[in-house]
Amino acid sequence: MNPKRNLMTLDEFTIQETRKFPNATGNLSAILRDIGLACKIINKQVLKAGLVDILGKHGNTNVQGEEQMKLDIFADDALISVLKGSADCAGIASEENDDFVAFDDEYSKNSKYVVLFDPLDGSSNIDVNASIGTIFSIYKRVTPLGTVCTEEDFLQPGNKLMAAGYVIYGSSTMMVYATKLGVNGFTLEPSIGEFCLSHPDMKCAEQGKIYSINQGNSCKFHDGMKSFLDYCMEDNKEEGRPYSHRYIGSMVADMHRTLIKGGIFIYPADKKNANGKLRLQYECNPMSFLMEAAGGIGSTGTERILDVTPTELHQRVPIYIGSKNMVEKALEFVK
Ligand code: AHG
């Protein structure tokens, strides 16, 4: 039998992309597929989240005698163990850990890439069964092959990213990733356990109708930010306002909606937090790389996020990201 099918799996897609470049080794594609594998393992555990209390609490053993783990630690371990065995990953840095991890076996010392990730972003949403996600970034290392990777490899600006993206564990599980070639989305087909191309060549509309921000923090916002919120809420039918407000409190979910429907997502600096809340290397750079590849913008309020020179792994920056026209308008208010 020769089954006719329209499905293209993540593996098939990344191999096709590699073939566009005669000199490509396929190692970057292999890392993307490994991240896909780790996220399928995480997804399996996320789907059981509501059962944790039934099967045993964190620190206990469940009925199978396995130790229960907090989901974000489980996700971190899953990514580290898959990437350690990956064909071309020299080391990782995770939002869960203070420091990066260099893989020091001979094979990994000769590997070209490093991976950064937030293993389970929005994990405070687990208890309420709202969408959460994994965010990842892939850089080519700058230290010489044959040595262990160092912090320098992880402190590269976002404009050096080779690929970045996220997996959203939502009403369906999707991987969305960007390279300089564009942004593509893959939905997990549970019956075959594969991510399949479902959203080719994703673009973020230049103008949307939704603004997304934790408005409960308004009392701490600077005047420019408050004025932009007034602008969003203003009754101006000709210009399509007021905009709708949506905020899940899980960056992956808020960004996924912003990418698909257009809009703006903001986590600003405020009077108490000069750099906002979100992390440059684990959240803001990968999302900005993806958003720019989809035609949108990512800014700190004063500069392009991808051009910020990172000085520490867990550095925070304010972020204004999404539809080009809406981010540009917000920047007029806050600059
Ligand atoms: P956490 O992983 O600790 O739940 O943090 C989530 C992040 C990000 O995903 C989200 O956009 C933001 O924090 C929400 O923060 P606020 O609760 O302050 O709005």
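Everything quoted here is computed from the prediction, not taken from an experiment. (Residues numbered from 1 in each chain as written. Predicted model: local features only at pLDDT ≥ 70, side-chain atom pairs only at ≥ 80, totals over all residues. Heavy atoms only, no water.)

Caption draft 1: Geometry of the packing of helix 7 (residues 223-233) against helix 10 (residues 324-334). The geometry of helix 7 relative to helix 10 is characterised by a closest axis approach of 7 Å and an angle of 135 degrees between their N-to-C directions. Considering the angle they form, helix 7 stands oblique to helix 10. The chirality of how helix 7 crosses helix 10 is right-handed. Listed contacts from helix 10 to G224, M225, S227, F228 and Y231 of helix 7 are M326, K329, A330, F333 and V334. A breakdown of the residues in the contact of helix 7 with helix 10 according to their chemical character gives seven nonpolar, two polar and one charged. (Axes fitted to C-alpha atoms, helices over the stretch in contact; angles between N-to-C directions. Helix = DSSP H or I, 4+ residues; strand = E, 2+ residues; numbered from the N terminus. Parallel < 35°, antiparallel > 145°, perpendicular 65-115°, else oblique. Left-handed = near helix turned anticlockwise from the far one by under 90°. Contact = heavy atoms within 4.5 Å. Nonpolar A, V, L, I, M, F, W, Y, C, P; charged D, E, K, R; others polar.)

Caption draft 2: Quick peek at helix 1 (residues 10-19). Within the span of helix 1, buried status applies to L10, F13, T14, E17 and T18. On an axial view of helix 1, the arc spanned by its buried residues comes to 140 degrees, and they lie on one face. Where the residues of helix 1 are buried, they touch helix 2 (27-46), strand 6 (173-179), strand 7 (182-189) and strand 8 (194-199). (Buried < 20%, exposed > 50% of the residue type's maximum accessible area, 1.4 Å probe, protein only. Arc of directions from axis to C-beta.)

Caption draft 3: Spatial organisation of the state of the cysteines. In this structure the tally under the stated criterion is zero disulfides. There is no disulfide at C89, and the cysteine sulfur nearest it, in C149, is 7.7 Å away. Take C219: it sits in no disulfide, and the sulfur closest to it among the cysteines is that of C232, at 18 Å. (Disulfide = S-S within 2.5 Å.)

Caption draft 4: Local environment of the domain arrangement of the chain. Each domain of the chain was delimited in the assignment, giving domain 1 (10-199) and domain 2 (210-334). Just the C-alpha atoms count here: the centres of domain 1 and domain 2 sit 25 Å apart. Taken together, the contacts link 45 residues of domain 1 with 29 residues of domain 2. Together, the buried faces of domain 1 and domain 2 total about 2600 Å²; carbon and sulfur atoms form 67% of this surface. If you sort the residues of domain 1 by the area they bury against domain 2, E95, L155 and Y166 come out on top, with a joint share of 22%. Where domain 1 touches domain 2, the interface holds one salt bridge. Here E95 makes a salt bridge to R279, at a shortest N to O gap of 3.3 Å. Elements represented by at least two residues in the side of domain 1 that touches domain 2 include exactly strand 1 (89-94), strand 3 (113-121), strand 4 (132-140), helix 6 (151-154), strand 5 (161-169), strand 6 and strand 7. It is strand 5 that contributes the most residues to the side of domain 1 that touches domain 2, eight residues altogether. (Domains from an automatic or database assignment. Buried area = accessible area lost by both parts, 1.4 Å probe. Salt bridge = Lys/Arg side-chain N within 4 Å of Asp/Glu carboxyl O.)

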